[in-house]
There are 2 protein chains.
Amino acid sequence: MTEKLPLLVDVPTREEIEAIHQGIRALVPPTPALNYSYLDRDLGCSLYFKCEQFHEIGAFKLRGATSAALALSEAQRAMGIATHSSGNHAQATACIAQQLGIPAYIVMPSNAPKVKIEATKGFGAAITFCEPTQQAREAALDKICQETGAYFIHPYNNYNVIAGQATAAKELLEQVPDLDMIIAPVGGGGLLSGTALWSHYAGKGINVLGAEPQAVDDAFRSLHAGSIQQNESANTLADGLKTTLGEFTFPLIQKYVSEIHTVSEAEIIAAMAMLWKRLKLVTEPSGSVPFAALLRNAEKFAGKRIGIILSGGNVDMEKLPFIA
Amino acid sequence: MTEKLPLLVDVPTREEIEAIHQGIRALVPPTPALNYSYLDRDLGCSLYFKCEQFHEIGAFKLRGATSAALALSEAQRAMGIATHSSGNHAQATACIAQQLGIPAYIVMPSNAPKVKIEATKGFGAAITFCEPTQQAREAALDKICQETGAYFIHPYNNYNVIAGQATAAKELLEQVPDLDMIIAPVGGGGLLSGTALWSHYAGKGINVLGAEPQAVDDAFRSLHAGSIQQNESANTLADGLKTTLGEFTFPLIQKYVSEIHTVSEAEIIAAMAMLWKRLKLVTEPSGSVPFAALLRNAEKFAGKRIGIILSGGNVDMEKLPFIA
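Here is what the cut-offs are and how they apply
- Residues numbered from 1 in each chain as written.
- Chains lettered and ligands numbered in written order.
- Predicted model: local features only at pLDDT ≥ 70, side-chain atom pairs only at ≥ 80, totals over all residues.
- Helix = DSSP H or I, 4+ residues; strand = E, 2+ residues; numbered from the N terminus.
- Buried ≥ 20, exposed ≤ 12 C-beta atoms within 10 Å, placed from the backbone.
- Contact = placed C-beta atoms within 7 Å.
- Pairing = 2+ DSSP bridges.
- Axes fitted to C-alpha atoms, helices over the stretch in contact; angles between N-to-C directions.
- Parallel < 35°, antiparallel > 145°, perpendicular 65-115°, else oblique.
- Nonpolar A, V, L, I, M, F, W, Y, C, P; charged D, E, K, R; others polar.
- pLDDT = per-residue confidence, 0-100.
- Domains from an automatic or database assignment.
- Least-squares fit on C-alpha atoms with pLDDT ≥ 70 in both.
- Core = buried A, V, L, I, M, F, W, Y, C linked by C-beta atoms within 7 Å.
- Expected span 1.5 Å × (residues − 1).
- Arc of directions from axis to C-beta.

Overview of the overall build of chain A
1) Next: Regarding its fold elements, chain A presents 13 helices and 10 strands.
2) Next: Principal-axis analysis of the C-alpha atoms places the extent of chain A at approximately 55 × 45 × 40 Å.
3) Next: Evaluated residue by residue, chain A yields a buried proportion of 57% over its 324 residues.
4) Next: Considering only contacts in chain A between residues 6 or more positions apart, those separated by 24 or more positions represent 74%.

Written out as C-alpha cells, the structure is:
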C-alpha cells in the first residue's frame, strides 16, 4: 500500500501541505513554469505560465484527488472513490483510482465535454450520467456512495483537495521564487483557495488574484457581499468554472485573495487563441481565464513578475471557439 | 551595433558553435525540454521534447537566421537580408531583421501555409510570391538580391545557419546531459546536420536519427545512394520537409547521422494528434515527424533516453489534419 497521508479536518497547515506535496510527488510529477521573453517584451511584464495541462489527466485536479485518495485507509480505498464533476475532477479521480488499483464511480452531467467523458472512461471508471444541475449530481452520487461504500472526494469542499491544489503554487514558487503575483481561475475555489493559502504561508507578500467569467461571476459577487452567492445561469465556454464557491473555500478566499477579476467570453476566446497560436499551448477555456484577466488590463501589471496558472487543456478540438 | 559573430566558410568547429550560441542567446532564448512521466511509463522509454515551437517565430529557424545575420558587417546588414522559404525560415529572417532594424526581403511559394505568410508579414518583411518550385524561388530571389544588395541567408546551405541550428542540440544536451539518442526532422538538413555535428562534438556516443515523410524520402535515398537525391513529387502535410538536402548538409549527415527513418502521412497525423491531445503541445506536421518515427517503432527504443526535436508549431488551425 502506498503511504497514507494525513486526513485533514481543518484548514491545512504549512507543514501539512509540505507533507502532502512530498507524498503525492511520485504520482503527480511537477509541471513546468514557462516563460516567453518575446511576450514579456510585448506586454511589459514577466509572465510564468504554470502548465497544469501537462499532467496525465490534462489538468491540475490530479493534485487534489491524489491528496485525498492517499489519505484513505486501505479498507476505505478498497471500497473505492467517487465524485461528481463536469470533467477534470472526474478524470483525476478515475486516474488516481486506476493507479491505486481501486474502483472509481463518477457522476457526470449529460452536457460535459465529450473529450472529458472519453478520458474518464479511458481510466476505467464507472460513469453515471445525470441532468446538469447541482441537485441531480448530488442525488446520483449519494445513491452510489450508499450502495458501494465508496468515499466521496468532493471537487473542492475537502481540505485534502485544497491542500493538493495548493501544491501547484508551492511548486511554482520553488521554480520562480520572486513572483509578485499569481493569477488562478476560480470555479468552486479549490485551486484559488489553495494558491492563496500557500502564497500566504510563503510569506513574501505575494498578491493572489482570482479570475472568472463574467457569466458566472459568483466569486466576485460573493467577496463583495461577504457571503456565498449563486449564479442565475451558467452560459460560459469555461465549463470548469460554472460551480460556485463552497463553505471550505470561501473563507480562505475571503481571507487571502486580494481581488477577483472577471472577463467576457470574447476575452476568454482571445486569450485562448493567443495561448494556442502564439504560445503553442493547448489550453481549455477555463484555463485561459487568468491570462484573459491579465490581457484585459495589461497596463496595470506593468513591471510585475506574475505567475499565471493554466489550469487545464482538455477541450474538444472539433469546435475550437477561436476558429470562425 | 550588436556584436559581430564569425562568418563561417567551412564546417563549424566546436568552438565556433559555442561562440555562436553565446552570441545569439540574448535574441534566441533557450527553449525547454519537456518530459511526460506518464508517457514514458506507457512507451517504456524516456522522452525529452525539445520545444522549438516556443520561439518567437514558432520554430527553430530563428537560431540559424540569427547566427547568419549577426555574422554580417554593419554595411552588409544595412542593405538587408533576404531568403526564399515556405514559411518558418521566412519568419525567422523577417523576425531577426526586425530586431536588428534592417530590411528583410522574402520570396515565398504561393502555396505556403497562410499562418506562415501572415506571420512573416507581421514582422514587417517585404514578401514576393512565386510558383512553388525551387527554380522559381531562386530566380525571384536572385533578382531581389541584385536590385537591393541584400544578403541571401540560405535556409540550410550556409555554415552559419547550420551552426545556429546546432545550438538546439547543444542546449538540449545541457538540459538533459545523458541522452542516448536525438531524433530530428530532415528537410534541407540544416537542423539535422547541426544536431549531428554538435552531438559528435559532445563526444558521448549519442546516436542521431533523422526522420522524414515517406512522400519526400530524399534524405533516406541520398544516404543509401551516397549522393543527393531529388523527390519526384512533394505530396506531404509536412510542408517544412519538402526541400532536398544541400551540398553543405549532405556530407555532415553522411558522416554523423546513423539512420533516416521514414513515416507515412497517417503516422504523421497520429503523432500530431497525440502531441496536441495528450501532451497539449501545438506542433506542426513537420515538427511531429520525429515523434511519428519513434511511435512507429516504439519497441526498438525501449529503455533509451531520447531527445525529440519538435521543430515548429506553425499550422493553420482551421484545418487540423487529425480532425475528421
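Overview of the sheet that holds strand S7 (residues 181-185) of chain A
Residues and elements named next belong to chain A.
1) Next: Pairing is mixed in the open sheet, where 6 strands are placed in the order S1-S2-S10-S7-S8-S9. Both edges of this open sheet fall to strand S1 (33-34) and strand S9 (259-263), since each of them pairs with a single strand only.
2) Next: Here S7 runs beside strand S10 (residues 305-310); their pairing, made up of 3 bridges, is parallel. Each residue of the ladder has a partner; that of Met181, found in S10, is Ile306.
3) Next: Of the strands in this sheet, S1, strand S2 (46-51), S7 and S10 touch helix H8 (residues 159-175), which is tilted by about 135° from S2.

Details of the environment of Leu209 of chain B
All names here are of chain B.
1) Next: With respect to the helices and strands, the residue Leu209 is situated in strand S8 (residues 207-213).
2) Next: When the 22 C-beta atoms within 10 Å are taken as the criterion, Leu209 is described as buried.
3) Next: Sequence-wise, Leu209 and Arg41 are 168 residues apart; in three dimensions their C-alpha atoms are separated by 23 Å.

What about the packing of helix H1 (residues 14-24) of chain A against H8 of chain A?
Residue and element names in this part refer to chain A.
1) Next: Interaxial distance between H1 and H8 falls to 9 Å at its minimum, and their mutual angle equals 85°. Between H1 and H8, the angle falls in the class roughly perpendicular. Along its contact with H1, which presents Glu16, Ile17, Ile20, His21 and Ile24, the element H8 presents Ala163, Gly164, Ala166, Thr167 and Lys170.
2) Next: Considered class by class, the residues forming the contact of H1 with H8 number 5 nonpolar, 3 polar and 2 charged.

Quick word on the sheet that holds strand S5 (residues 126-130) of chain B
Backbone-to-backbone hydrogen bonds join strands into a sheet, with any given pair of strands oriented parallel or antiparallel.
Residue and element names in this part refer to chain B.
1) Next: The 4 strands are arranged S5-S4-S3-S6 in an open sheet whose pairing can be described as parallel. On the outer flanks of this sheet lie S5 and strand S6 (151-152), each paired with one strand and no other.
2) Next: Note: strand S3 (residues 81-84) against S6, 2 bridges, orientation parallel. Bridged to Ala82 within S6 is Phe152.
3) Next: Relative to the sheet, helix H5 (residues 88-100) contacts S3 and strand S4 (104-109), its axis offset from that of S4 by approximately 165°.

Some points on the confidence of the model for chain A
1) Next: Summarising the model, chain A shows a mean pLDDT of 95, and 99% of its residues fall at 70 or more.
2) Next: Quick note on the complex model: pTM equals 0.96, ipTM equals 0.96.

Side note on the domain arrangement of chain A
Residues and elements named next belong to chain A.
1) Next: Taken domain by domain, chain A comprises domain 1 (14-60 + 165-319) and domain 2 (62-152).
2) Next: Spacing between the C-alpha centres of domain 1 and domain 2 amounts to 23 Å.
3) Next: For the side of domain 1 that touches domain 2, the secondary structure elements donating two or more residues are H1 and H8.

Overview of the pairing of S5 of chain B
1) Next: The sheet contact formed by S4 of chain B and S5 of chain B spans 5 bridges and is parallel. The partner of Val107 of chain B across the bridge, within S5 of chain B, is Thr128 of chain B.

A few points about the interface of chain B and chain A
1) Next: Between chain B and chain A, the residue contacts involve 20 residues of the former and 20 residues of the latter.
2) Next: A per-class count over the side of chain B that touches chain A returns 12 nonpolar, 4 polar and 4 charged.

Quick look at the environment of Thr148 of chain B
Residues and elements named next belong to chain B.
1) Next: Mapped onto the elements of the fold, Thr148 is located in helix H7 (residues 134-148).
2) Next: Classification of Thr148 by C-beta neighbours within 10 Å gives partly exposed; the count is 15.
3) Next: Along the sequence, Thr148 and Ile81 sit 67 residues apart, while their C-alpha atoms lie 9.4 Å from each other.
4) Next: What Thr148 contacts, discounting residues up to four positions off in sequence, is Met79, Gly80 and Tyr105.

A closer look at the relation of the copies chain B and chain A
1) Next: Overlaying chain B on chain A yields an RMSD of 0.0 Å, the required transformation being a rotation through 180° with an accompanying axial translation of 0.0 Å. Viewed as a symmetry operation, the transformation between the two copies matches a two-fold axis. By C-alpha distance to the rotation axis, the residue of chain B lying nearest is Leu281 of chain B, at 2.7 Å.
2) Next: Taken as a fraction of all interface residues of chain B, those also at the interface in chain A reach 100%, which identifies the copy contact as same-surface.

A closer look at the nonpolar core
Here is a general trend for soluble globular proteins: nonpolar side chains tend to be buried in one another's company.
1) Next: Residues Ile183 and Ile308 of chain A together with Ile183 and Ile308 of chain B are the most contacted members of the largest nonpolar core, which totals 210 residues.
2) Next: Excluding its chain neighbours within four sequence positions, the residues that come into contact with Ile308 of chain B are Leu47, Tyr48, Phe49, Lys50, Ile183, Pro290, Phe291 and Leu294 of chain B.

Quick notes on helix H7 (residues 134-148) of chain A
All names here are of chain A.
1) Next: Here H7 is 15 residues long and its end C-alpha atoms lie 21 Å apart, about the 21 Å a rise of 1.5 Å per residue gives.
2) Next: What H7 keeps buried is the set Arg137, Ala140, Leu141 and Ile144. Buried residues along H7 cover an arc of 95° about the axis, so they all sit on one side. Opposite the buried face of H7, at more than 90 degrees from it, the exposed residues are Gln135, Lys143 and Gln146.

Observations regarding helix H9 (residues 190-202) of chain A
Residues and elements named next belong to chain A.
1) Next: Compared with the 18 Å implied by 1.5 Å per residue over 13 residues, the 18 Å span of H9 between its first and last C-alpha is a close match.
2) Next: With 10 of its 13 residues buried, H9 lies for the most part within the structure.
3) Next: Residues of H9 that are buried include every one of Gly190, Leu191, Leu192, Ser193, Gly194, Thr195, Ala196, Leu197, Trp198 and Ser199, and no others.

So, the environment of Thr66 of chain A
Residue and element names in this part refer to chain A.
1) Next: Looking at where Thr66 falls in the secondary structure, it is placed in helix H3 (residues 61-69).
2) Next: On the neighbour-count criterion, Thr66 (30 C-beta atoms within 10 Å) is buried.
3) Next: Considered as a pair, Thr66 and Gln165 are 99 residues apart in the sequence and their alpha carbons are 9.8 Å apart.
4) Next: The residues contacting Thr66, other than those within four sequence positions of it, are Ile24, Leu27, Val28, Ile96 and Gly164.

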